[in-house]
Amino acid sequence: MDDAAIQVMTTNVDKLNSDFYTRQSGIFLLDDPENFQKAHGALAYLDGSAPPEGAEDWEKMTVPWEEWAGSADVELHNCDGKQLWFARRAAFSEADEAAFAGAGMLWEALWGA
């Protein structure tokens, strides 16, 4: 891996950590939800409930891209045939709940749960 690729990866990790700290993202579009959940433990179950610490049952925390009603109308670029999943961020505190309220409403509009 060249230096530029390492710098991009490092920058992306820093950006994600900052996002977690500032509670910016409440919904994710992931290409590797299993490893994302293992690394961060940040995903909620589909009903919005927070999983127990160390939960890795990401299949119960994600919705495949194809299940979104608009997926057929969107052409994905640069995904190299990867499967994508929607997931919502777990709220572990009252501050999290307040920060992710809008994301929760969007999730309900998309999935009804």
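Below you will find a few notes about this structure. Predicted, not measured: the structure shown is a model, and the values here were computed from it.

Considerations on the nonpolar core
Soluble globular proteins tend to pack their nonpolar side chains together in the buried interior.
Next, step 1: In this structure, Phe20, Phe28, Leu30, Phe36, Ala42, Leu43, Tyr45, Ala55, Met61 and Ala87 together form the largest nonpolar core, which totals 10 residues.
Next, step 2: Apart from the residues lying within four places of it in its own chain, the contact partners of Leu43 are Phe28, Leu30, Pro33, Phe36, Gln37, Pro51, Met61, Thr62, Ala87, Arg88 and Ala90.

A look at a nonpolar patch on the surface
Next, step 1: Together, Met1, Ile6 and Met9 line one region of the surface with nonpolar side chains, adding up to about 340 Å² of accessible area.
Next, step 2: Assignment of secondary structure puts Met9 in helix 1 (residues 3–22).
Next, step 3: Given a relative accessible area of 46%, Met9 falls into the partly exposed group.

Let's talk about the sheet that holds strand 1 (residues 27–30)
Next, step 1: Judged by pairing direction, the sheet is antiparallel, and its 3 strands sit side by side in the order 1-3-2 without closing on themselves. Both edges of this open sheet fall to strand 1 and strand 2 (62–64), since each of them pairs with a single strand only. Across the sheet, the mean angle from the axis of one strand to that of its neighbour is 25°, orientation sign disregarded.
Next, step 2: Across 4 bridges, the pairing between strand 1 and strand 3 (residues 85–88) is antiparallel. When the bridges of strand 3 are listed, Ile27 appears paired with Arg88.

Rules behind the numbers
- Per chain, residues are indexed from 1 in the order of the written sequence.
- Given that the model is predicted, a residue must reach a pLDDT of at least 70 before its local features are reported, and side-chain atom pairs must reach 80 or more before they are shown or counted; all residues, however, enter totals for whole chains, interfaces and linings.
- Excluding hydrogens and water, the side-chain figures rest on all heavy atoms present in the structure.
- Among the buried residues, those of types Ala, Val, Leu, Ile, Met, Phe, Trp, Tyr and Cys that are joined through side-chain atoms within 4.5 Å form a nonpolar core.
- Relative accessibility decides the category of a residue: with a 1.4 Å probe and only protein chains considered, values under 20% of the type maximum give buried, values over 50% give exposed, and everything between is partly exposed.
- Note on contacts: a residue pair is in contact if any heavy atoms of the two residues lie within 4.5 Å.
- Two distance rules govern patches: like charges are joined within 9 Å, and nonpolar side chains (Val, Leu, Ile, Met, Phe, Trp, Tyr) within 5 Å, applied only to residues with over 30% relative accessible area and no salt bridge.
- Per-residue accessibility takes into account occlusion by the displayed protein chains alone, with areas from the Shrake-Rupley method and a 1.4 Å probe.
- By salt bridge we mean one thing: a side-chain nitrogen of Lys or Arg within 4 Å of a carboxyl oxygen of Asp or Glu.
- Numbering goes from the N terminus for both helices and strands, where a helix is a DSSP run of H or I of at least four residues and a strand is a run of E of at least two.
- Strand pairing is assigned whenever DSSP identifies at least 2 bridges connecting the two strands.
- Helix axes are fitted to C-alpha atoms over the stretch in contact, other axes to C-alpha atoms as well, and angles between N-to-C directions run from 0 to 180 degrees.

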